[in-house]
Amino acid sequence: MDIAVEPAAPAAFRDPSFFTHIGRKAIAALENLGRYVGLIWWILRNLRNAREYSKTFFAQMVQIGNDSIPIVIFVSTFVGMVTAVQSAHQLYSWIPKTVVGGLVIKSVLLELTPLLTALVLAGKVGATITAELGTMRVTEQIDALEAMGYDSISFLVTPRIVAGIIMFPVLVVFGDLLAVCGGLFGATVVSDVPGGAFINGIKSSFVSWDAFFGIIKATIFGYTITSIACYKGYFVEGGSAGVGKATMATVVLTCLTVVMLDFILASVLL
Amino acid sequence: MIAVQDIRKNFGDKPVHRGISFEARDKETLVVLGKSGGGKSVLLKMIIGLLRPDSGSIEVDGRNVVTMSYRELQALRFRFGLLFQGAALFDSLTVRENIALALRQRGTYKEHDLSEIVAYALSIVGLEGAEDLMPASLSGGMKKRVGLARAIAPNPRYMLYDEPTTGLDVETADGINLLINDLRSKLGVTSIVVTHDIHSAFVVGDRFAILEGGVTIMTGTRAEIDKTRNEDVRKYINSSLSPSRSSPP
């Protein structure tokens, strides 16, 4: 006997919990956004409190800036070298070698150093901040601060965000210089581009706006990474497992946000 | 005086408090007894405004904590010392810095004075010379005593203790109990102790509030508890006093 079978809807749509799940996710996302905005609003309203905690601020400048120098040296130098080598490799033989210097300086200032530094620091600085604050939350250290009469947001969050806004551009400018040096090394040693031609290329292509654009991007990336990391850490839930999840979420979310902002800033400012 | 009136609190769909009321009179130690997971720590956090109840009132010296602004709460917290269950020491700071942090927020001290107060607070809890140790190198009992030193260093009017003897050996627990009694008798500190360790409770408490199922089933002195005919109270006390339910050695 033949049995007529009606075509079934996809399993996900037959299951009412699918829509409930989507709805809950949407509400949770809106709640998170609201809480993030609330956190930033609190920081702005209480900037005066943060001045009292200047010692914490300088400690964060050191942690975010000074402690990131080795990784910035490594990344920027290699970025400069590989950009020079690949640029030289892709040029037709009749194109003057000065173009290599021009390509390196443009790529490095506008895109590569700010973006790659931000992505690397999203992992290093972002994960560190979330893990630190998250651990403080689950071990009640943040409650202890509040119980002593401290404004824990001004004491813990504001110095980290302000230090990020200040130190990211400094690191990027430092990275720009190293990337150019790396480019010079790569071009002359690996790709046989004369040093003079490389430097002439840099001189003829350098536009101060490019450097300024990189600094603007670094400032915005610095704010984005530290604020997301602080938010995720400060409001962590669920014990040590929650700290692990929040740290991972920080790295993923900051990387995605940085890439997205990179496109938006390029579209708007260039 | 601290007066808690008909406190109700839900976390999501789960009711934690369904009507808690008690009062801690000046210069007495009130012990809040209840099972683990019954929201006793939440209660302490509500008293200093770290959490807000869904309804009810908490009055400290006649002012309702529930309706205070953040600035008012900050000022109120200067009157309190809170010993957290896990001590909540700042693990990146030394013992000295942990204790000094509590003092720095409350006034301008010269470094010499800070050192003296820190040393005195540590001597009270029997940890002389521990100033330069890091929390990671301390045992559980030592952490709790440093937490207590940090709480009492600013000379608070009210002390809140969250499970002060849980997880400690008998000797250390007895030491903490003696300290709680000393603070009341020598400094006139008003204290609220939340615990499920009934043995410690009877050592330190002047009066007791017993919580069961999110409500206060009795408040009274030890003598009143011993005489009560309230079946729930008797059941709670008997089950807590049985050896298998007592706190770990």
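Residues numbered from 1 in each chain as written. Chains lettered and ligands numbered in written order. Predicted model: local features only at pLDDT ≥ 70, side-chain atom pairs only at ≥ 80, totals over all residues.

1. Comments concerning the overall build of chain A
When you go through chain A residue by residue, the secondary structure sums to 11 helices and 0 strands. The helix and strand sequence of chain A, counted from the amino end, reads α-α-α-α-α-α-α-α-α-α-α. For 270 residues, the compact-globule estimate of 2.2 N^0.38 gives 18 Å, and chain A exceeds it by more than 25% at 24 Å. Along the first, second and third principal axes, the C-alpha atoms of chain A reach 80 × 70 × 30 Å. Going through the 270 residues of chain A one by one, you find that 41% of them count as buried. Residue pairs at least 24 apart in sequence account for 89% of intrachain contacts in chain A once pairs closer than 6 positions are excluded. (Helix = DSSP H or I, 4+ residues; strand = E, 2+ residues; numbered from the N terminus. Rg over C-alpha atoms; globule rule 2.2 N^0.38 Å. Buried ≥ 20, exposed ≤ 12 C-beta atoms within 10 Å, placed from the backbone. Contact = placed C-beta atoms within 7 Å.)

2. Points about the overall build of chain B
In terms of helices and strands, chain B carries 9 helices and 10 strands. Every one of the 249 residues in chain B was classed for burial, and the buried ones make up 40%. For chain B, the share of sequence-separated contacts (at least 6 apart) that also reach a separation of at least 24 residues comes to 65%.

3. Some details on the sheet that holds strand 3 (residues 29-33) of chain B
As a general point, the strands of a sheet are linked pairwise by backbone hydrogen bonds and lie either parallel or antiparallel. All names here are of chain B. Ordered in space as 6-7-8-3-9-10, the 6 strands form an open sheet in which the pairing is mixed. In this open sheet, the two edge strands, each paired with only one partner strand, are strand 6 (80-83) and strand 10 (215-220). Averaged over neighbouring strand pairs, the angle between their axes works out to 15 degrees when direction is ignored. Both strand 9 (residues 207-212) and strand 10 contribute to a ladder of 5 bridges, which runs antiparallel. When the bridges of strand 10 are listed, Ala 209 appears paired with Thr 219. (Pairing = 2+ DSSP bridges. Axes fitted to C-alpha atoms, helices over the stretch in contact; angles between N-to-C directions.)

4. Re the interface of chain A and chain B
Facing the 10 residues of chain A at the interface are 16 residues of chain B. Taken together, the residues that form the side of chain A that touches chain B break down as 4 nonpolar, 3 polar and 3 charged. (Nonpolar A, V, L, I, M, F, W, Y, C, P; charged D, E, K, R; others polar.)

5. Considerations on helix 5 (residues 140-152) of chain B
Residue and element names in this part refer to chain B. Look at helix 5: 19 Å from first C-alpha to last across 13 residues, which is about the 18 Å you get at 1.5 Å a residue. Across the 13 residues that make up helix 5, a large majority, 11, are buried. Taken as a whole, helix 5 has its buried residues at Met 142, Lys 143, Lys 144, Arg 145, Val 146, Gly 147, Leu 148, Ala 149, Arg 150, Ala 151 and Ile 152. In the core, the buried residues of helix 5 are packed alongside strand 6, helix 3 (95-104), helix 4 (111-124), strand 7 (158-162) and helix 6 (170-187). (Expected span 1.5 Å × (residues − 1).)

6. So, the sheet that holds strand 4 (residues 55-60) of chain B
Residue and element names in this part refer to chain B. Pairing is antiparallel in the open sheet, where 4 strands are placed in the order 2-1-4-5. Pairing within the sheet leaves two strands with one partner each, and these edge strands are strand 2 (14-24) and strand 5 (63-64). The pairing of strand 4 with strand 5 spans 2 bridges and is classified as antiparallel. What sits directly across from Val 60, in strand 5, is Arg 63. Across the sheet, helix 1 (residues 40-47) is in contact with strand 1 (2-11), strand 2 and strand 4; its angle to strand 1 comes to roughly 120 degrees.

7. Describing the pairing of strand 1 of chain B
Residue and element names in this part refer to chain B. Pairing analysis gives 8 bridges linking strand 1 to strand 2, with the strands arranged antiparallel. Of the residues in strand 2, the one forming a bridge with Ile 2 is Ala 24. Connecting the antiparallel pair strand 1 and strand 2 is a turn made up of 2 residues, with Gly 12 showing a positive phi of about 65 degrees. As judged from the 5 bridges shared by strand 1 and strand 4, these two strands associate in the antiparallel manner. By the bridge assignment for strand 4, Arg 8 is matched with Ser 55.

8. Quick look at the confidence of the model for chain B
Residue and element names in this part refer to chain B. For chain B, per-residue confidence averages 88 on the pLDDT scale, and residues scoring 70 or more make up 96% of the total. Low confidence marks residues 244-249, where pLDDT is under 50. Its contacts with residues over four positions away, or in another chain, come to 9 contacts. Our summary of model confidence lists the complex with pTM equal to 0.86 and ipTM equal to 0.89. (pLDDT = per-residue confidence, 0-100.)

9. Some details on unusual backbone geometry
Residue and element names in this part refer to chain B. Located in the positive-phi region is Ala 87, a residue other than glycine, with phi close to 75 degrees. Note that Ala 87 resides in the loop between strand 6 and helix 3. Even without being a glycine, Ala 88 presents a positive backbone phi close to 50 degrees. Relative to the helices and strands, Ala 88 is located in the loop between strand 6 and helix 3. Judged by the 24 C-beta atoms lying within 10 Å of it, Ala 88 falls in the buried class.

10. Let's talk about the nonpolar core
In a soluble, globular protein the nonpolar side chains are often hidden away together inside. Grouped together as the largest cluster of nonpolar side chains are 127 residues, with contacts concentrated most on Ile 225 of chain A together with Val 32, Ile 47, Leu 82, Ala 149, Leu 160 and Ile 192 of chain B. Among all residues touching Leu 82 of chain B, those that are not within four sequence positions of it are Ala 147 of chain A together with Leu 44, Ile 48, Ala 151 and Leu 160 of chain B. (Core = buried A, V, L, I, M, F, W, Y, C linked by C-beta atoms within 7 Å.)

11. As for the packing of helix 6 (residues 98-138) of chain A against helix 11 (residues 239-269) of chain A
Residue and element names in this part refer to chain A. Helix 11 packs onto helix 6 with a crossing angle of 150 degrees between their chain directions and a minimal axis gap of 8 Å. On the basis of their axis angle, the class for helix 6 and helix 11 is roughly antiparallel. In the crossing of helix 6 with helix 11, the sense of the turn from one axis to the other is right-handed. Contacts between helix 6 and helix 11 involve Leu 115, Ala 118, Leu 119, Ala 122, Gly 123, Gly 126, Ala 127, Thr 130, Ala 131, Gly 134, Thr 135 and Val 138 on the former and, on the latter, Gly 239, Ser 240, Gly 242, Val 243, Ala 246, Thr 247, Thr 250, Val 251, Thr 254, Cys 255, Val 258 and Asp 262. Per-class residue counts for the contact of helix 6 with helix 11 are 12 nonpolar, 11 polar and 1 charged. (Parallel < 35°, antiparallel > 145°, perpendicular 65-115°, else oblique. Left-handed = near helix turned anticlockwise from the far one by under 90°.)

12. Focus: the environment of Gly 62 of chain B
Residue position: Gly 62 of chain B is located in the loop between strand 4 and strand 5. Taking the C-beta count within 10 Å as the criterion, Gly 62 of chain B has 7 such neighbours and is therefore assigned exposed.

13. With respect to the environment of Val 157 of chain A
All names here are of chain A. Within the secondary structure, Val 157 is located in helix 8 (residues 152-190). When the C-alpha positions of Val 157 and Tyr 234 are compared, they lie 8.0 Å apart, and in sequence the two are 77 residues distant. If we ignore the near neighbours within four places in the chain, the residues touching Val 157 are Leu 39, Ile 43, Cys 230 and Tyr 234.

14. Examining the packing of helix 3 of chain B against helix 5 of chain B
A packed helix pair is summarised by two numbers, namely the angle formed by the two axes and the spacing between the axes. Residues and elements named next belong to chain B. For the pair helix 3 and helix 5, the least separation of the axes is 8 Å and the interaxial angle reads 30 degrees. Compared by their axis directions, helix 3 and helix 5 come out roughly parallel. The crossing of helix 3 and helix 5 is right-handed. For the pair helix 3 and helix 5, the contacting residues are Val 95, Asn 98, Ile 99 and Ala 102 in the first and Val 146, Ala 149 and Arg 150 in the second.

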